[in-house]
Amino acid sequence: MASNQILTVSQMQAAEQALVDAGETVSTLMERAGAGAADWIWRVAAGRAVTILCGPGNNGGDGYVIARVLAARGLTVRVIAPFSPKTPAARAAREAWGGEPVETAKGGVFVDCLFGSGLARALDQVLETRLCELAAAHDLCVAVDVPSGIDCDSGEVLNDTLPIYDLTIALGAWKFAHWMMPAMQLMGERRLVDIGVAFDWDAAQLAERPVLSPPEADAHKYSRGLLAVVGGEMPGAGVLAASAAMRGGAGYVKLYAGAEPGLVPPDLVVVHDGLDELLADERIAALLVGPGLGRSEEARARLAFVLGCDLPTVCDADALHLLTADMLEGRLSPLIVTPHAGELDALGHTFGSVGLDRVEQVSDLAEALEAVVVAKGPDTMLGAPGTPVVVMPPASAWLSTAGTGDVLAGLIASRLAVGMDSPLGIALEGCWLHREAARLAGPAFSAGDLLDHIPDAYGVLL
Ligand SMILES: NC(=O)C1=CN([C@@H]2O[C@H](COP(=O)(O)OP(=O)(O)OC[C@H]3O[C@@H](n4cnc5c(N)ncnc54)[C@H](OP(=O)(O)O)[C@@H]3O)[C@@H](O)[C@H]2O)[C@@H](O)CC1
Ligand SMILES: Nc1ncnc2c1ncn2[C@@H]1O[C@H](COP(=O)(O)OP(=O)(O)O)[C@@H](O)[C@H]1O
Ligand SMILES: [K+]
């Protein structure tokens with residue numbers, strides 16, 4: 001079974017080399033990759049003709065293997081070869097196929113075997129147009145390994161116009177582009193073909209669904225975890241985060257409202273003054289600070305005070321603009337920060353983590369802050385000190401509505417109060433609850449609507 005590791009191009013090349021050193025040949029790997037891809041294409045083709053566009057490298061070589069396997073199963077297969085094969089394995093695969101390429105074709109399934117991880121630059125205009133015209137002339141489009149025209153490591157799309165695929169068949173291991181914006185938008189469904197690549201402890205991972213536990217039979221509200229949410233001048237965000245936290249597993253949630261919060265749920269305990277008294281409660285298992293905090297001097301002082309308590313803490317929103325290294329000095333307790341792209345930028349500036357790509361920056365900030373960094377967005381990615389990044393599979397794009405970040409912060413803080421996993425595991429639990437709740441909420445929900453779906457999301461993860 002293939003693992004969920006995500007490899008860079010150079011890690012993939014090293015993995016391929018390790019297999020060759022262990023006695024495989026590039027041709028046997030190509031045979032396995034091509035046969036695995038052909039299986040998927042066979043299923044989606046359902047008897048329709050298949051057109052394969054083959055490039056000069058080993059991605060093209062995979063295409064010739066696919067052509068041979070599908071033709072042997074009786075499908076009509078047409079190969080378009082703007083280049084002759086340049087690698088020994090690709091040349092051997094073309095010979096073994098033994099057919100004659102055609103100039104063009106239409107109808108049925110289009111398979112892109114033009115370039116894979118060896119793409120070195122954007123496609124020229126002629127190739128870009130040819131690729132797009134072929135894709136448009138077929139009913140279904142499949143990319144083998146990755147769509148041609150994207151950078152595997154950064155997820156950058158190198159051409160202005162590229163096809164959108166129905167299916168992408170990753171070979172050997174996931175690449176970052178499969179799960180990172182903007183390239184991931186081209187992929188359609190994603191499937192992974194195992195070719196025997198070994199597990200790499202230094203590799204990034206695609207997050208796997210966690211399993212949560214129900215409360216113990218003898219649980220009481222404090223044993224399940226008391227969370228204090230420290231709000232500020234915009235109390236609505238704190239109420240939203242606290243409301244999510246009440247459904248995320250913690251037994252007791254208290255909101256310190258910096259300002260009059262207006263209507264609050266009857267089961268939410270709101271404290272109006274005496275923050276020092278509230279935080280002196282030894283039963284507090286975790287803190288959340290940031291949603292609605294504001295960015296005033298008073299907010300800065302409140303944040304410094306909260307972090308100074310040295311309790312397991314989630315920092316979100318405004319707190320990420322106010323956070324400085326001195327506030328973290330001497331802290332021993334876990335810290336989880338949940339920046340969106342703008343807040344990640346702000347943290348980068350404050351902590352001198354600039355000029356890096358997203359994956360590097362998330363890891364770098366995790367080290368600098370000695371914290372779990374949950375970099376939110378359509379391609380949410382998590383970093384923790386000394387650990388490769390973990391990438392969440394995409395969530396509902398309906399989450400792109402105001403306040404859903406407060407819900408996520410509340411959920412992660414709630415898991416932190418429960419405290420049954422490592423800080424990274426806890427952050428992942430929160431992300432999965434959020435993602436499941438969004439899936440169950442369907443279309444066009446508000447952040448408030450999302451709250452109603454958290455219990456069922458919890459049920460899915462039990
Ligand atoms: N790793 C594994 O274990 C396995 C990997 N396998 C497969 O191999 C794939 C990687 O193969 P690969 O390294 O040969 O690269 P690939 O993407 O076919 O293209 C490189 C060629 O394209 C050329 N070229 C590049 N950009 C260009 C452009 N814009 N416009 C025009 N030309 C351009 C470049 O030449 P250049 O001009 O840059 O010198 C070179 O000739 C991988 O994705 C997977 O499908 C499996 O078969 C088995 C196991
Ligand atoms: N297009 C999208 N697809 C999937 N998830 C998204 C998308 N846009 C935003 N999200 C998620 O929604 C949440 C938004 O959080 P944030 O930007 O902090 O919003 P707010 O500050 O309004 O609460 C994050 O969890 C983010 O990962
Ligand atoms: K391809």
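The shown structure was predicted, so the numbers you read here are calculated from the model rather than taken from an experiment.

Thresholds applied
- Residues numbered from 1 in each chain as written.
- Chains lettered and ligands numbered in written order.
- Predicted model: local features only at pLDDT ≥ 70, side-chain atom pairs only at ≥ 80, totals over all residues.
- Heavy atoms only, no water.
- Pairing = 2+ DSSP bridges.
- Helix = DSSP H or I, 4+ residues; strand = E, 2+ residues; numbered from the N terminus.
- Axes fitted to C-alpha atoms, helices over the stretch in contact; angles between N-to-C directions.
- Contact = heavy atoms within 4.5 Å.
- Near = heavy atom within 4 Å.
- Polar contact = N/O pair within 3.5 Å; in protein donor to acceptor, adjacent residues only side chain to side chain.
- Areas by Shrake-Rupley, 256 points an atom, 1.4 Å probe, with all protein chains shown as cover.
- Nonpolar A, V, L, I, M, F, W, Y, C, P; charged D, E, K, R; others polar.
- Donors = N, O, S within 2.8 Å, 3.2 Å for Na, K, Ca; no water.
- Buried < 20%, exposed > 50% of the residue type's maximum accessible area, 1.4 Å probe, protein only.

Within the open sheet, the six strands sit side by side as β3-β2-β4-β5-β6-β8. Their pairing is parallel. In this open sheet, the two edge strands, each paired with only one partner strand, are β3 (77-80) and β8 (189-193). With direction set aside, neighbouring strand axes in the sheet form an average angle of 20 degrees. Seen against the sheet, helix α3 (residues 58-72) touches β2 (50-54), β3, β4 (109-113), β5 (140-144) and β6 (167-171) and runs at an angle of roughly 155 degrees to β2. Packed on one face of the sheet, helix α5 (residues 125-136) meets β2, β3, β4 and β5 and runs near 155 degrees to β4.

This brings us to the site of ligand 1. N59, D62, G116, S117 and D145 are the nearest of the 20 residues found near ligand 1. The contact in question runs from an oxygen atom of ligand 1 to an N or O atom on the backbone of G118, over 2.9 Å. Between ligand 1 and A120 there is a distance of 3.0 Å, counted from a nitrogen atom to a backbone nitrogen or oxygen. Bound to the protein, ligand 1 loses 80% of the 940 Å² it would expose on its own. For the shell around ligand 1, the secondary structure elements donating two or more residues are α1 (9-21), α2 (26-45) and α3. Broken down by element, the shell around ligand 1 gets its largest block of residues, three residues, from α3.

Taken together, 17 residues surround ligand 2, and among them K376, G377, G403, G405 and H434 come closest. One of the backbone N or O atoms of L399 is found 3.3 Å from an oxygen atom in ligand 2. With respect to ligand 2, the backbone of G403 contributes an N or O atom lying 2.8 Å from an oxygen atom. Relative to its unbound accessible surface of 570 Å², ligand 2 loses 78% to contact with the protein. With four residues, helix α14 (residues 404-418) is the single largest residue contributor to the shell around ligand 2. Here the shell around ligand 2 is built from residues that sort into six nonpolar, nine polar and two charged.

Ideal geometry at a metal centre gives angles of 109.5 degrees when four donors are arranged tetrahedrally and 90 or 180 degrees when six donors are arranged octahedrally. Protein ligation of the potassium ion (ligand 3) involves N59 (OD1), D112 (O), F115 (O), V144 (O) and V146 (O), the donor distances falling in the range 2.6 to 2.9 Å. Binding-site remark: the potassium ion (ligand 3) is held by donors from one chain whose sequence spacing is N-x52-D-x2-F-x28-V-x1-V. Pair noted here: F115 is in the loop between β4 and α5 and V146 is in the loop between β5 and β6, with a separation of 31 residues, a long-range link. The class of V146 is buried, set by a relative accessible area of 0%.

Here we come to unusual backbone geometry. With an omega of -5 degrees, the peptide bond running from M181 to P182 counts as cis. With phi around 70 degrees, D145 is a residue other than glycine that occupies positive phi space. Tracing the backbone through its elements, the reader meets D145 in the loop between β5 and β6. Even without a glycine there, the phi angle at D310 is positive, about 55 degrees. Relative to the helices and strands, D310 is located in the loop between α9 (297-308) and β14 (313-315). Take D310: its relative accessible area is 24%, and that puts it in the partly exposed class.

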